[in-house]
Amino acid sequence: MNNLKVAKMDDHNLLLALAGIISAFGVKEIWGIIKQKIDIGAKKDEREESLYTKQIEILTNKITQLETKIELLIEENIQLRVKVVKMEARLINSAKKKVNKKRDERN
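Report follows, based on the coordinates. Keep in mind that what you see is a predicted model, and the values were worked out from it rather than measured.

### Here we look at the overall build of the protein chain
Assigned secondary structure in the protein chain consists of two helices and zero strands. Buried positions account for 0% of the 107 residues belonging to the protein chain. Per element, the accessible surface of the protein chain, about 10700 Å² overall, is 62% carbon and sulfur.

### Section: a nonpolar patch on the surface
Taken together, the side chains of Ile70, Ile74, Ile78 and Val82 define a hydrophobic patch exposed on the protein surface, amounting to about 360 Å² of accessible area. Within the secondary structure, Val82 is located in helix α2 (residues 27–106).

### Side note on a negative patch on the surface
Together, Asp45, Glu46, Glu48 and Glu49 make up a negatively charged patch on the protein surface. Examined against the element boundaries, Glu48 turns out to sit in helix α2.

### Section: a positive patch on the surface
Together, Lys97, Lys98, Lys101, Lys102, Arg103 and Arg106 make up a region of like positive charge exposed at the surface. Checked against the element boundaries, Lys102 lands in helix α2.

### A word on the pattern of salt bridges
Counted by the stated rule, this structure contains one salt bridge. Notably, a salt bridge pairs Lys35 with Asp39, separated by 3.6 Å at the nearest N-O pair. With Lys35 and Asp39 both in helix α2 and four residues apart, this pair spans about one turn of that helix. For Lys35, a relative accessible area of 41% corresponds to the partly exposed category. In this structure Asp39 comes out as partly exposed when scored by relative accessible area, which is 34%.

What counts and how
Residues numbered from 1 in each chain as written. Predicted model: local features only at pLDDT ≥ 70, side-chain atom pairs only at ≥ 80, totals over all residues. Heavy atoms only, no water. Helix = DSSP H or I, 4+ residues; strand = E, 2+ residues; numbered from the N terminus. Buried < 20%, exposed > 50% of the residue type's maximum accessible area, 1.4 Å probe, protein only. Areas by Shrake-Rupley, 256 points an atom, 1.4 Å probe, with all protein chains shown as cover. Patch = residues over 30% accessible without salt bridge, like charges linked within 9 Å, V, L, I, M, F, W, Y side chains within 5 Å. Salt bridge = Lys/Arg side-chain N within 4 Å of Asp/Glu carboxyl O. Lys, Arg positive; Asp, Glu negative; His and termini not counted. Charge placed at Lys NZ, Arg CZ, Asp CG, Glu CD.

Here it is in structure tokens:
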């Protein structure tokens, strides 16, 4: 029974000590400290989200630039193909003329 009283006294002393600490700091100050920690965590999350948003914007811009370059390269490729076809046609015409001249010279 004496042990029970000691245990109750220890719990009681603990509660008194806790109440003393709370009253010494004040509930508002403790809440201020807790709120500050919560705000710091929220700001960290906002910074991370902001960083991710910036990275997404940068990557989106790079993708847009690459799409533009691809379109320009496709256009340039088409123009080069047209030039190659025209050159082939000239070479074929030139070759035909040479063949015809040689045939005429033989006859």
